[in-house]
Amino acid sequence: MDSAPLPKETWRASWRTPWRSPEIPDDIRSSVEDMQLQRALTHVPMIYLVGIFNLVAAMVLSAHEGVEPQYYAWMGVLAIGSAVRMISWMRAPRHRSYGTSAQKTLHNLTVISVGGITFLSVWSVYAISTDIFENQMFIPTSLVFGSTCIAHCLACIKKAAITVLVVGVIPTAMAMILVGGFDEMIMGWSMITIALLMVRFIIDSYNQIISSLIMRNMIWKQAHSDPLTGLANRRAMMNHLRVAEQAFANHSTGFAVALIDLDRFKQVNDNLGHDIGDQLLVEVAGRLKHSSAAGEIVGRLGGDEFLILIPDISSREQASARATAYLSGFARPAHISGHVLTASASIGTAVHALDGHGTEQLLKAADGALYRMKRTSRSDRRSANRPSRNIG
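Values in this document were obtained by computation on a predicted structure and should not be read as measured data. (Residues numbered from 1 in each chain as written. Predicted model: local features only at pLDDT ≥ 70, side-chain atom pairs only at ≥ 80, totals over all residues. Heavy atoms only, no water.)

### Quick word on the environment of Lys 158
Okay, so step 1: Within the secondary structure layout, Lys 158 lies in helix α7 (residues 158-179).
Okay, so step 2: Measuring from C-alpha to C-alpha, the distance between Lys 158 and Ile 203 comes to 6.7 Å, with 45 residues separating the pair along the chain.
Okay, so step 3: Apart from residues no more than four positions distant in its own chain, Lys 158 is found in contact with Ser 21, Ile 203 and Tyr 206. (Helix = DSSP H or I, 4+ residues; strand = E, 2+ residues; numbered from the N terminus. Contact = heavy atoms within 4.5 Å.)

### Digging into the nonpolar core
Okay, so step 1: Val 32, Ile 150, Leu 154, Ile 157 and Val 164 are the most contacted members of the largest nonpolar core, which has 35 residues in total.
Okay, so step 2: Among the elements of the structure, α2 (29-42), α3 (44-64), α5 (102-130), α6 (138-153), α7 and α8 (182-224) are those that each provide at least two residues to this core.
Okay, so step 3: A per-element tally of this core places α8 first, with nine residues.
Okay, so step 4: In contact with Ile 157, not counting residues within four places along its chain, are Gln 36, Ala 40, Leu 106, Leu 109 and Thr 110.
Okay, so step 5: Listed in part, the 29 residues of the second largest apolar core include Leu 262, Leu 288, Val 298 and Ile 336. (Core = buried A, V, L, I, M, F, W, Y, C linked by side-chain atoms within 4.5 Å. Buried < 20%, exposed > 50% of the residue type's maximum accessible area, 1.4 Å probe, protein only.)

### Concerning helix α9 (residues 234-247)
Okay, so step 1: Relative to the 20 Å expected for 14 residues at 1.5 Å per residue, α9 spans 20 Å between its end C-alpha atoms, a close match to the ideal helical length.
Okay, so step 2: When we look at burial in α9, the residues that qualify are Ala 236, Met 237, Met 238, Leu 241 and Ala 244.
Okay, so step 3: Two to three positions downstream of the cap, the backbone nitrogen of Arg 235 sits 3.3 Å from a side-chain oxygen, assigning the N-cap of α9 to Asn 233. (Expected span 1.5 Å × (residues − 1). Polar contact = N/O pair within 3.5 Å; in protein donor to acceptor, adjacent residues only side chain to side chain.)

### Examining the environment of Ala 334
Okay, so step 1: By the element assignment, Ala 334 lies in strand β4 (residues 334-336).
Okay, so step 2: Along the backbone, Ala 334 and Gln 279 are 55 residues apart, and their C-alpha atoms lie at a distance of 9.9 Å.
Okay, so step 3: Setting aside anything within four residues of it in sequence, one finds Ala 334 in contact with Glu 283, Arg 287, His 339, Val 340 and Leu 341.

The following block contains the structure:
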């Protein structure tokens, strides 16, 4: 028996190199940035502590070996500034309000970390090249320790962590290989090996984090979306309604709900089959989605019943105008598997605060308006089909 071909996504994943990370879907990009920000900010005190330790250790070595103060005095100023910043950070409220976006905060954190490591790396290369220290191993060892610790703290920001490793280790290691003796050359190659292993560790850790977020988003979508049409399902729409009630509780404007039910849909299933009926539902869902304005949410409650959440509505006239816009999308016939179907629907609207305050009251009011429209349509059709009689 021939094996079934792999899905396209699985085939691509099987060829993905171990150094490549999964692509982040646009709908979870903000969640990824929030996660990166929270994890990175949790490790900010550790980043400062590592910097302080390395600066103090370098100052002690410099003083011990009789290095002139002008070569290392700046380290004391930087260490004091880092200590003050670390203490103020730790004393600040845990749930602080950030005035900038997560993306900008991550960018600033990356620039500060990479900039600090770059400065220390340049100074390390200078120290190795000029032989101002008798102990050539201490400064590069200290720098590798600091770079790997900071990279570990920034592991959730892959580019920042890898850049810190590359900038903090490679220049110093190459200087030791090119300028130092045999011992320094071996140490330099060891540093490069450590950096490469850390890069692989960071990529694996990052990939696990992103993959878990993607999987969590997929599970959430499966639980909150309709499998046939891709619209929000009943559970998701009820959640949206509860959120809307809280959001518009104290606003001058409110929101409306529109309940849509297809006319004579059972005849389509009975005469043409459920497959054609399902395709018609998909077509209707696409038209409703196309007719929706910004901020409006379209969902399927089940069967041939759809629900629309319309924000910023303060009158029944506005709700009626939006309902008319949705019904106009049914005017064009649908061509499905060789059949030409003219879908029609009835719609009932209810406005928050005018027709009810809770979710149940709003849906009950919209359902009542929907079936009043259905009865009116049936009466109109019976009147149109009733034969006329001449009265003489």
